[in-house]
Amino acid sequence: MKKRTHNKNISCPICSNTTIKVKKLDSPYIIDRLALHFNTQVDKNLNIVDYELLKCTECSFEFSYPQIAGSGAFYNWITSQTGYYPKIRWEFSKVLDLLANEKKGVKLLDVGCGDGQFFDQIVKKKNTKIDFYGLDPTIGSIEMCIDKGYKVYCMDIKEFKINNKNTLFDAVTLYHVLEHIANPKEFIEELLSLLNPNGSIYISTPYSPMDFELDWFDVLNHPPHHFGRWNLKSYKKLAEVLGLKIEVFMPLPGKLLVSAIQSFMFSIYGNLGKGEKKTIIKSIIKTPFKFLTHLWKQSQRDKIMGKRAANVILAKFTK
Ligand SMILES: [Zn+2]
């Protein structure tokens, strides 16, 4: 990919350093890729604008410009696609394990709680030490939480703070929310003001680029869906500029060979492509060097705690 020098005026939203342009993402291209991804037609009224993907020269954070988030129509459309919300996330149980070490009870706020999947896990684990609350701007999701008997609010952080003055939490969780947000630094600062002095914020996002993005454009990890593409360097920089301590956690990565086969197959067939053994072997025989390139590039993936990076990262921030 050719990298061009970008207009120096647009600085990194995390560390304010200079940026370069990674790629141009025109609206027709995004619409075309969305149609391919879900194998369906894309509504004409989703108000998708032209974007650029920029990268910080200091912390390597990748972000979208302009900072125009996906419209309500866009989210209504995309959330109605099959398989949009995963039911179980690795980080749910990881956070519960980390909180299990706490000696006292924990007051927790899940920001962007959706239909309460994390709360379902808390209830399942019968962890009575956690007094949990949820926040989500989507009324449909909040109604589902209320039906389950969860304590939730249909509002954003600013509204919540106005309505709940002096309410502080020991833990604030944010699962796959930060990558949708245009101003991550300001957003985390808002969350910090909701935290007890000894409290922690737990944030999970995709680890970008994900291993299957090697030679395939993942439209869901780009605007208007995802605004920020996070990696270890950008998380560490975020902690540094906010004066926070950071600890990171990751699940075990997929096996090198499996990642290589997946990214190789995605590069030929896309996400709806053929995963059958016969097709894989045929494709490798047809283009062996291409496959070896994938294998080699996968071996060069970022290393986190001595292992190849997985596709998701959990960061714990403490004051
Ligand atoms: Zn930066």
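Residues numbered from 1 in each chain as written. Predicted model: local features only at pLDDT ≥ 70, side-chain atom pairs only at ≥ 80, totals over all residues. Heavy atoms only, no water.

## Points about the overall build of the protein
Condition: To qualify as a helix, a DSSP run of H or I must reach at least 4 residues; to qualify as a strand, a run of E must reach at least 2; elements of each kind are numbered from the N terminus. Just to be clear, the radius of gyration here is over C-alpha atoms, and the globule rule we use is 2.2 Å times residues to the power 0.38. The buried label applies to any residue whose accessible area, calculated with a 1.4 Å probe on protein chains only, is under 20% of its type's maximum; exposed applies above 50%, and partly exposed to all values in between. Areas reported as accessible are Shrake-Rupley estimates using a 1.4 Å probe. Residue values count occlusion only from the protein chains shown. Here the positive residues are Lys and Arg and the negative ones are Asp and Glu; neither His nor the chain ends is included. Note on charges: their place is set at NZ of Lys, CZ of Arg, CG of Asp or CD of Glu.
The secondary structure content of the protein amounts to 11 helices and 14 strands. For 319 residues, the compact-globule estimate of 2.2 N^0.38 gives 20 Å, and the protein sits close to it at 20 Å. Counting the 319 residues in the protein, one finds 51% classified as buried. With an accessible surface of roughly 16300 Å², the protein has 54% of that area assigned to carbon and sulfur atoms. Both charge centroids of the protein, one from 45 positive and one from 32 negative side chains, sit 7 Å from each other.

## Describing the pairing of strand β8 (residues 169-175)
Put simply, the test is: Following DSSP output, two strands are said to pair if at least two bridges run between them. A crossover gets the label right-handed when its path from the first strand over the helix to the second runs clockwise, viewed with the strands pointing away from the viewer.
Summarising burial for β8: six of the seven residues are buried, a large majority. Note: strand β5 (residues 106-111) against β8, three bridges, orientation parallel. Across the sheet, residue Leu108 finds its bridge partner in β8, namely Ala171. Relative to strand β9 (residues 195-206), β8 runs parallel, the two being bridged by six bridges. Note on β9: the bridge partner recorded for Ala171 is Ser200. In this fold, β8 hands off to helix α7 (residues 184-192), which returns the chain to β9; that crossover is right-handed.

## Some words on the coordination of the zinc ion
In plain terms, the rule: Donor atoms (N, O, S) are those found within 2.8 Å of the metal centre, with the cutoff raised to 3.2 Å for Na, K and Ca; water is not part of the atom list, so apparent gaps in a site can occur. When four donors show all angles between 85 and 135 degrees the site is tetrahedral, when four or six donors have opposite pairs over 155 degrees and all other angles between 65 and 115 it is square planar or octahedral respectively, and in every other case it is irregular.
The coordination sphere of the zinc ion, as far as protein atoms go, consists of Cys12 (SG), Cys15 (SG), Cys56 (SG) and Cys59 (SG), spread over 2.3 Å. Note that the zinc ion binds four donor atoms; their angles at the metal cover 97 to 122°, and the shape is tetrahedral. Going along the chain, you hit the donors of the zinc ion in the pattern C-x2-C-x40-C-x2-C. Of this pair, Cys12 sits in the loop between β1 (4-5) and β2 (19-25) while Cys56 sits in strand β3 (residues 51-56), placing them 44 residues apart in sequence.

## Regarding the confidence of the model for the protein
We count it as follows: Note: pLDDT gives the predictor's confidence per residue, expressed from 0 to 100. A contact between two residues is defined here by any heavy atoms of the two lying within 4.5 Å.
Confidence in the prediction for the protein averages 91 pLDDT; 97% of positions are at 70 or higher. Contacts from residues 1-5, a stretch scored under 50 in pLDDT, to residues over four places away or in other chains number 10 contacts.

## Some points on the pattern of salt bridges
Inclusion rule: The salt bridge criterion pairs a side-chain nitrogen of Lys or Arg with a carboxyl oxygen of Asp or Glu, the two atoms within 4 Å.
For the structure shown, the criterion picks out 12 salt bridges. With a shortest N-O distance of 4.0 Å, Glu62 and Lys55 are connected by a salt bridge. Classification of Glu62 as buried rests on a relative accessible area of 14%. For Lys55, a relative accessible area of 21% corresponds to the partly exposed category. Residues Glu58 and Lys237 are paired through a salt bridge, measuring 3.4 Å at the closest nitrogen-oxygen approach. Highlighted residues: Glu58 in the loop between β3 and β4 (62-65) and Lys237 in helix α8 (residues 232-242), separated in sequence by 179 residues. On the basis of relative accessibility, which here comes to 36%, the residue Glu58 falls in the partly exposed class. Note on Lys237: relative accessible area 13%, which makes it buried. Several salt bridges converge on common partners, so that one network encompasses Lys55, Glu62, Glu213 and Arg229.

## Notes on the sheet that holds strand β6 (residues 130-135)
Put simply, the test is: For helices, the fitted line uses only the C-alpha atoms of the stretch in contact; every axis is such a line through C-alpha atoms, and the angle between N-to-C directions lies from 0 to 180 degrees.
Taken in spatial order, the seven strands line up as β7-β6-β5-β8-β9-β14-β11 in an open sheet, and their pairing is mixed. A single partner strand is all that each edge strand has here, and the edge strands are β7 (151-153) and β11 (245-249). Put simply, the sheet's adjacent strands are angled 20° from each other on average, direction ignored. By the bridge criterion, six bridges tie β5 to β6 in an arrangement that is parallel. From the neighbouring strand, Val106 faces β6, where its bridge partner is Ile130. Contacting β5, β6, β8, β9, β11 and β14 (312-318), helix α3 (residues 90-100) runs over the sheet at an angle of about 30° to β14.

## What to know about the packing of α7 against α8
Using the following cut-off: These descriptions rest on fixed angle ranges, namely under 35 degrees for roughly parallel, over 145 for roughly antiparallel, 65 to 115 for roughly perpendicular, and the rest for oblique. For any pair of crossing helices, the crossing counts as left-handed if the nearer helix is rotated counterclockwise from the farther one by less than a right angle, and right-handed if it is rotated clockwise. Charged means Asp, Glu, Lys or Arg here, nonpolar means Ala, Val, Leu, Ile, Met, Phe, Trp, Tyr, Cys or Pro, and polar covers whatever is left, Gly included.
With their axes 11 Å apart at the nearest point, α7 and α8 run at an angle of 55° to one another. Taken together, the axis directions place α7 and α8 in an arrangement best described as oblique. Here α7 and α8 pass one another in a crossing that is right-handed. Mapping the contact onto sequence places Lys185, Ile188 and Glu189 in α7 and Leu238, Val241 and Leu242 in α8. Here the contact of α7 with α8 is composed, by residue class, of four nonpolar, no polar and two charged.

## Here's the deal with the nonpolar core
What counts is decided by this rule: Only buried Ala, Val, Leu, Ile, Met, Phe, Trp, Tyr and Cys residues count toward a nonpolar core, and they belong to the same one when joined by side-chain atoms within 4.5 Å. Domain ranges listed in this record stem from an automatic or a database domain assignment.
The biggest cluster of nonpolar side chains holds 46 residues, and the ones touching the most others in it are Leu109, Val111, Leu174, Ile188, Leu191, Ile201 and Phe317. Here this core gets five residues from one element, more than from any other, and that element is α8. When residues of this core are assigned to domains, at least three map to each of domain 1 (4-79) and domain 2 (90-252 + 308-318). When residues no more than four places from it in sequence are discounted, the contact partners of Val111 are Leu135, Ile157, Val172, Thr173, Leu174, Val177, Phe187 and Leu191. Of all hydrophobic cores here, the second largest spans 22 residues; its members include Val106, Phe118, Ile130 and Val152.

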